[in-house]
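Summary of the model geometry
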Amino acid sequence: MPEFFTTRIVHLDPQALSPEAVNDAATLIREGQLVAFPTETVYGLGGNALDEKAVSKIFAAKGRPATDPLIVHIESWDRLTEVALEIPRIADDLVEKFWPGPLTMVLPRQSRVAPGVSAGLPTVAVRMPAHPIALALIKAAGVPIAAPSANRFAHSSPTTAQHVLDDLSGRIPLILDGGPTQIGLESTIVDLSGPRPRLLRPGGVPLEALVQLIPDLEVVTRYAKVEDGPVIAPGMLLKHYAPRAEFNLFEGNDDDVRAALAEEALRLRAEGKRVGLLIAEEDRVPLRAKLGDAPITMIAVGSLADLDSVAHGLFAALRALDDSDVDVILSRGYPPLGLGLAIGDRLVRAAEGRVNHVGRT
Ligand code: TXA
Ligand code: MG
């Protein structure tokens, strides 16, 4: 069992940071303790990346297997050489275009980074976040900060301080609350440690933007199991973002998907199951027309015309549906454009790979 803490939440205005609050948090990091903090993607659970003991506390607090490596966060691009080696030219171009921001690069690891960060791999994942609180904290701490998403293992990533508290209350001393995160999905991860750049995880930087700089980017979407170990599949666990409720994903054109969602919802309802629908704003009216007054929970995440709004609201909606105690969640799919690729990736993992393709094939 990890040590017990009375978890404090400290509210910070990202535009007017309190130096005392930042320094208190930085002191905890330097002392080898953990601090949860906002980034532009999701909340992270930070510890000193150079301190093996602090790193092992991160795994313990999350209940995360030690085979799943962490991302190291730095506050300025010139610190990259302090954590990574053999930095290829393409990394400079990526840094210039996307940092600070939701892009993580996997590179050969400097030996001063605690090996536990990388789950024993010779590489390290690094990013410079674009959030004033994250940057101020790393700077004040004076060390790179290892931070996975601040959720319990296999839950959805937290996009508010309350989500962090729900998962980690009593397990960490401090949460810095900077309000809801802007993007809502984790960073895009690109592996630059091999002969050819590979996209390991779609995320906040859209694939279309990456490919402009890396035309030969190899897209490897793999869904693996914990038992597969670190070398085969770091960060590609299939069972992830898993709600308590059974989760089913429906893909196809809008009309077919709406028809399938309504039919399945009514069938499950007739079996006495409580059903939650995870839909887009545009689905609400047509679905209500099909469902009549059947008591079925609907949560619209965002608009099909604005996939950024779907990304922003997705994890909060998953948590809200779980809290509403439904037995089964039925979700629509989204087109793989812009942030839609990352949205689809998270939904497939929430569904543990079960995707229903509906309509014409
Ligand atoms: O947006 C984000 O990236 C957030 C915020 C807090 O920065 N962090 C985040 O961390 O999503 P986490 O731990 O939930 O996901 C990091 C992923 C892991 O799935 C891990 O397997 C992968 O990055 N990863 C870390 N180091 C790696 C490495 N050396 N090689 C391949 N994958 C790596
Ligand atoms: Mg995570």
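About the criteria used
- Residues numbered from 1 in each chain as written.
- Chains lettered and ligands numbered in written order.
- Predicted model: local features only at pLDDT ≥ 70, side-chain atom pairs only at ≥ 80, totals over all residues.
- Heavy atoms only, no water.
- Helix = DSSP H or I, 4+ residues; strand = E, 2+ residues; numbered from the N terminus.
- Domains from an automatic or database assignment.
- Buried area = accessible area lost by both parts, 1.4 Å probe.
- Salt bridge = Lys/Arg side-chain N within 4 Å of Asp/Glu carboxyl O.
- Polar contact = N/O pair within 3.5 Å; in protein donor to acceptor, adjacent residues only side chain to side chain.
- Buried < 20%, exposed > 50% of the residue type's maximum accessible area, 1.4 Å probe, protein only.

1. Remarks on the environment of Leu-266
Along the chain, Leu-266 falls in helix H8 (residues 254–270). Between the C-alpha atoms of Leu-266 and Lys-290, which are 24 residues apart in sequence, the distance is 9.5 Å.

2. Concerning the domain arrangement of the chain
You can read the domains of the chain as domain 1 (8–228) and domain 2 (246–357). Centre-to-centre, using C-alpha coordinates, domain 1 lies 29 Å away from domain 2. Taking both sides of the interface into account, the surface hidden between domain 1 and domain 2 amounts to around 1,700 Å²; carbon and sulfur atoms contribute 57%. Counting the contacts that link domain 1 with domain 2 gives two salt bridges. Between domain 1 and domain 2 we count nine residue pairs in polar contact (both at pLDDT 80 or more) in total. Elements with a contribution of two residues or more to the side of domain 1 that touches domain 2: helix H6 (161–168) and helix H7 (207–213).

3. As for unusual backbone geometry
Note that the residue after Trp-99, namely Pro-100, is joined by a cis bond; omega there is -10°. Positionally, Pro-100 belongs in the loop between helix H4 (89–98) and strand E5 (103–108). Backbone geometry at Ala-119 places phi at a positive 55°, although glycine is not the residue there. You can see Ala-119 is positioned in the loop between E5 and strand E6 (123–127). Its relative accessible area of 17% is what places Ala-119 among the buried residues.

4. Things to note about the pattern of salt bridges
Across all of its chains, the model carries 18 salt bridges by this definition. Here Glu-82 ties to Arg-79 by a salt bridge, and the two come within 3.6 Å at their closest N and O atoms. Put simply, Glu-186 and Arg-346 hold a salt bridge, and the shortest N to O gap is 2.8 Å. Taken together, the residues Glu-186 in the loop between strand E8 (174–177) and strand E9 (188–191) and Arg-346 in helix H11 (residues 340–350) connect sequence positions 160 residues apart. We classify Glu-186 as buried; its relative accessible area is 5%.

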